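Below are the chains, spelled out letter by letter.
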Amino acid sequence: MSLREMLKNGALELGVDLSNKAITDLLAYKDFMLEYNEKVNLTAITDEHDFIAKHLLDCLTLVSHLPQGSRVIDIGTGAGLPGMVLKIARPDLYITLLDARAKKLKFLDEAIERLALTDICTIHARAEDLQKEKGYAKGFDFAVSRAVAAMDKLCGWCLPFVKQGGAFIAMKGPNYADELATAKPIIKKLGAVVDKITELTLPNEEITRNIIFIQK
């Protein structure tokens, strides 16, 4: 199976029908990241098939949960996972990529320019600082985060960005329960509740992913 078929078929298993352009752009994003990775550490996954399975398809699990035209901030985006993948798959989304590491944002700025993406921006800041600024506090429909920190920290960083009625969506592996229990007090303090938890297995992998929705 070609990489293109692997990506298209895997996405369909997740209920995501990628356009030909989205597939082309996601593969170009992969190529550029792996090339850039030789000078700046962006990912430990360098096998192309693993990259598609464990990065691209993993990030695509969020696509069907975001309404048309949503404003989304990706906290601790790193190399753009999941924010860049969401933007490529869903051009209607307004994406903000937040990270405190300038080297990774430089890669993202170049990737955005290469792919001619619009309605997406990068911000070099710490979540704790930016969440207090006008226009960012309660400024987003959704905050998302993947492989960044434990749930208690994540909720403190992410929920202040979410407007009333919006949600923080955390991507976690199978051992999330203890983290979530520890985070319950901060979730309550910030006026939110655990809305639902969706469990799934990534296509072609025995990897369990839990998507945790924390409603404001």
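Everything that follows concerns the structure shown earlier in this document.
Rules of the game
Residues numbered from 1 in each chain as written. Predicted model: local features only at pLDDT ≥ 70, side-chain atom pairs only at ≥ 80, totals over all residues. Heavy atoms only, no water. Pairing = 2+ DSSP bridges. Helix = DSSP H or I, 4+ residues; strand = E, 2+ residues; numbered from the N terminus. Axes fitted to C-alpha atoms, helices over the stretch in contact; angles between N-to-C directions. Contact = heavy atoms within 4.5 Å. Expected span 1.5 Å × (residues − 1). Buried < 20%, exposed > 50% of the residue type's maximum accessible area, 1.4 Å probe, protein only. Parallel < 35°, antiparallel > 145°, perpendicular 65-115°, else oblique. Left-handed = near helix turned anticlockwise from the far one by under 90°. Nonpolar A, V, L, I, M, F, W, Y, C, P; charged D, E, K, R; others polar. Salt bridge = Lys/Arg side-chain N within 4 Å of Asp/Glu carboxyl O. Core = buried A, V, L, I, M, F, W, Y, C linked by side-chain atoms within 4.5 Å.

1. Considerations on the sheet that holds strand β3 (residues 120–124)
With mixed pairing, 7 strands are arranged side by side in an open sheet as β3-β2-β1-β4-β5-β7-β6. What marks the edges here is a single partner per strand, and that holds for β3 and β6 (193–201). Going across the sheet, the axis of each strand differs from the next one's by a mean of 20°, ignoring polarity. In the sheet, β6 pairs with strand β7 (residues 208–215) via 8 bridges, with the strands oriented antiparallel. Looking at the pairing, Val-194 lines up with Ile-214 of β7. In this fold helix α5 (residues 102–114) packs onto β2 (94–99) and β3, with an angle of close to 165° to the strand it touches most, β3. Contacting β1 (71–75), β4 (140–146), β5 (162–172) and β7, helix α7 (residues 151–158) runs over the sheet at an angle of about 150° to β5.

2. Observations concerning helix α2 (residues 20–36)
For the α-helix, the turn length of 3.6 residues means that residues three or four positions removed from each other point alike. Between its terminal C-alpha atoms α2 stretches 24 Å, which fits the 24 Å expected from 17 residues at 1.5 Å a residue. Buried within α2 we find Ala-22, Ile-23, Asp-25, Leu-26, Leu-27, Tyr-29, Lys-30, Phe-32, Met-33, Leu-34 and Tyr-36.

3. A word on the packing of helix α1 (residues 3–13) against α2
Contact geometry for α1 and α2: axes closest at 10 Å, N-to-C directions at 120°. Compared by their axis directions, α1 and α2 come out oblique. As for how α1 packs across α2, the hand of that crossing is right-handed. Residue-level contacts link Leu-3, Arg-4, Leu-7 and Lys-8 of α1 to Asn-20, Ile-23, Thr-24, Leu-26, Leu-27 and Lys-30 of α2. Of the residues in the contact of α1 with α2, the class split is 5 nonpolar, 2 polar and 3 charged.

4. Description of the pattern of salt bridges
Under the definition given, this model contains 13 salt bridges. With a closest N to O distance of 2.6 Å, Lys-30 and Glu-48 form a salt bridge. Of this pair, Lys-30 sits in helix α2 while Glu-48 sits in helix α3 (residues 48–60), and the two are 18 residues apart along the sequence. According to the relative accessible area criterion, Glu-48 is partly exposed, its value standing at 33%. A salt bridge links Arg-126 to Glu-128; the shortest N-O distance between them is 3.6 Å.

5. So, the nonpolar core
With 56 residues, the main nonpolar core has Leu-7, Leu-18, Tyr-29, Leu-60, Met-84 and Phe-107 as its most contacted residues. Broken down by element, the residue count for this core peaks at 9 residues, all from α2. With sequence-adjacent residues up to four places away left out, Leu-7 is seen in contact with Leu-18, Ile-23, Leu-26, Leu-27, Ile-52, Leu-56, Leu-57 and Leu-60. Among the nonpolar cores identified, the runner-up in size contains 26 residues, and Met-151, Tyr-176, Leu-180 and Ala-192 belong to it.

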